[in-house]
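Report on the structure
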Amino acid sequence: QFPRECTSTEALRNARCCPSPFGRVNDPCGVSLGRGQCLSVQADTRAHGPQYPHVDQDDRERWPLRFFTSACRCTGNFYGFNCGRCKHGFTGVNCDTPVPVVRRNVLTLNPSERRSFVNALHQAKRTVHPDLVIATRRYGELFSPDGNTTMFENITIYNYFVWSHYYSVSKTFLGGGQPSFGGVDFSHEGPGFVTWHRYHLLQLERDIQDMLGDPRFALPYWNFAIGGNQCDICTDDLMGARSSFDENGISSNSIFSQWRVVCESLDDYDTLGTICNSTESNPIRRNPAGNVARPMVQKLPEPQDIEACLQLTTFDTPPFYSTSTDSFRNTIEGYSAPEGTYDPIVRSLHNLAHLFLNGTGGQTHLSPNDPIFVLLHTFTDAIFDEWLRRHPGSADYPMENAPIGHNRDYNMVPFWPPITNAEMFVTAPENLGYSYEATWPARPITPTEIITIAVIAALFVVAIIFAVTTCAVRSRSHNSEGRQHLLGEQYQRYDDHDTHNSKSQSVV
Ligand SMILES: O=C(O)c1cc2cc(O)c(O)cc2[nH]1
């Protein structure tokens, strides 16, 4: 959420977060090096949708103005809370050396690459985030009673990834004994679903690159559109096989069986108005295809579902919510049938993959605790990127009336430095420094298309036969005409000759 350096009482009271990079003194955002400037934070004022009826009840409204009104804006390829880093996909002192970051299908990684990936996640689970800390209280309770300290905590890189997802989906605490308001979600059920999760992954990828000192580290993806009831990445060399002793547990041969989740105490957060902190509790639970009460979520999406959703031409449709129909976003998110029709009982694509996991990965406040979340979302992001590539003209993100947090120019909650949905609504290889090594299933041909192709082919054959016949007839008639003509000439010459002879004879 916020840089450690900005959580002093002074920084918070001034609402200013413009640290200096490289330990320099009094050089906010590296201004003297031309890296950036400390500027007022812009936060969207356009109307949001009717789903959130409250005003001034939630720290996340007009993010991040409740906490900070000034932040670093970096120039060129410089990036980060103090402009001390490079934009994703660049490295070097001047951030002008491109580094290709290629996200691959996790099943194509060799055994050593698989080990490196799992180890990187495990190291991220244990390494304290070098820059960011989390608020463990709402703004109104953030200062200690004596006003000298603030309620922020260190958190590990991976747990920060979990926490930021939890913070974006948590309910609005209304106080006064009223139940918390749940009709709010800053990262789902709206156009920001794809842009929010894209930045969420980018931040984790960057944090792991920095942790490893490897700017080429890339998150792989899981092609979850394989149908059937088998989790093909649930093996001990990847995300962990099923435990032999507990159908909801992960095999002890997998390092992930040792992971403990954060953000599990929902009742406390919702009734006491507290916020998830860095405390870990229970193991990850996962029982792929095991939800006997909901047979519809016992099977993974089908390959053709991807192609169907990629055919949709409109990015999102009013009300830009989980009830939108013919919306690419609502379809890839999984509230519509793969062809785009909204149906309240349908769960498809991304949502279906979550619910299939049937455990930690299927509950929004907890899901990133299961590392499958990372691979499930890189694939969702790959589909989004393919859609952007295929539909360059129709990429139209709503400016207003989307649910709170989801308007085009809204800063995404709780990311820092401030970043808008619009900034993530761009093709990744050209603008964000990463690409996917992926092939997309071909669309099956419809019966109408088969008939059209057959009719065109038949017409073509008829046209060729007609052309060939006409040529043959013409050439035959040409030939016979030609022969007659030649013979005619000959006859004429003989005629002439004969005439001449006869004439001469007659003269003689
Ligand atoms: O019920 C759903 O459709 C559903 C569950 C679930 C879990 C999760 O982590 C998500 O990000 C989305 C989601 N949708």
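Residues numbered from 1 in each chain as written. Predicted model: local features only at pLDDT ≥ 70, side-chain atom pairs only at ≥ 80, totals over all residues. Heavy atoms only, no water.

You'll find the protein entered in an unreviewed UniProt entry as 5,6-dihydroxyindole-2-carboxylic acid oxidase, with Ictalurus punctatus given as the organism. Here the protein is described in UniProt, under the heading Catalytic activity (unreviewed entry), as follows: "2 5,6-dihydroxyindole-2-carboxylate + O2 = 2 indole-5,6-quinone-2-carboxylate + 2 H2O". On record in UniProt, under Subcellular location (unreviewed entry), the comment for the protein is "Melanosome membrane". (UniProt positions renumbered as here; feature names shortened; annotations may be inferred.)

**Describing the pattern of salt bridges**
For the structure on display, the rule yields 25 salt bridges. Notably, a salt bridge pairs glutamate 437 with arginine 104, separated by 3.8 Å at the nearest N-O pair. Taken together, the positions of glutamate 437 in the loop between strand E14 (434-436) and helix H12 (447-507) and arginine 104 in the loop between strand E9 (101-103) and helix H2 (111-126) put the pair 333 residues apart, joining distant regions of the chain. Taking relative accessible area as the criterion, glutamate 437 reaches 45% and is therefore assigned partly exposed. Take arginine 104: its relative accessible area is 23%, and that puts it in the partly exposed class. Linking arginine 390 and glutamate 307 is a salt bridge whose minimum nitrogen-to-oxygen distance equals 2.9 Å. Residue arginine 390 is located in helix H9 (residues 372-390), and its partner glutamate 307 is located in helix H6 (residues 303-310); the two are separated by 83 residues in the primary sequence. A relative accessible area of 4% means that glutamate 307 is categorised as buried. Among the charged side chains, a network of salt bridges with common partners joins Arg103, Arg198, Glu205, Asp381 and Asp385. (Salt bridge = Lys/Arg side-chain N within 4 Å of Asp/Glu carboxyl O. Helix = DSSP H or I, 4+ residues; strand = E, 2+ residues; numbered from the N terminus. Buried < 20%, exposed > 50% of the residue type's maximum accessible area, 1.4 Å probe, protein only.)

**Examining the UniProt feature "domain: Tyrosinase copper-binding" (unreviewed entry) in the protein**
Cross-referencing UniProt, the feature "domain: Tyrosinase copper-binding" (unreviewed entry) maps to residues 188-205 and 370-381 in the present numbering. Secondary structure across residues 188-205 comprises 78% helix and 0% strand; the distance between its end C-alpha atoms is 21 Å. Regarding residues 370-381, the helix share stands at 83% and the strand share at 0%, and the terminal C-alpha atoms are separated by 18 Å.

**Looking at unusual backbone geometry**
With an omega of 0 degrees, the peptide bond between tryptophan 63 and proline 64 qualifies as cis. When you line up the elements, proline 64 lands in the loop between strand E3 (36-40) and strand E4 (70-74). Residue proline 417 is reached from tryptophan 416 by a cis peptide bond, and omega for that bond is 0 degrees. Summarising the element assignment, proline 417 is placed in the loop between H9 and helix H10 (421-424). At asparagine 26, a residue that is not glycine, the phi angle is positive and equals roughly 55 degrees. Along the chain, the position of asparagine 26 falls in the loop between strand E2 (16-17) and E3. Of note in this structure, aspartate 326 is not a glycine but carries a positive phi near 55 degrees. Looking at the element boundaries, aspartate 326 is found in the loop between H6 and helix H7 (328-333). Owing to a relative accessible area of 42%, aspartate 326 belongs among the partly exposed residues under this scheme.

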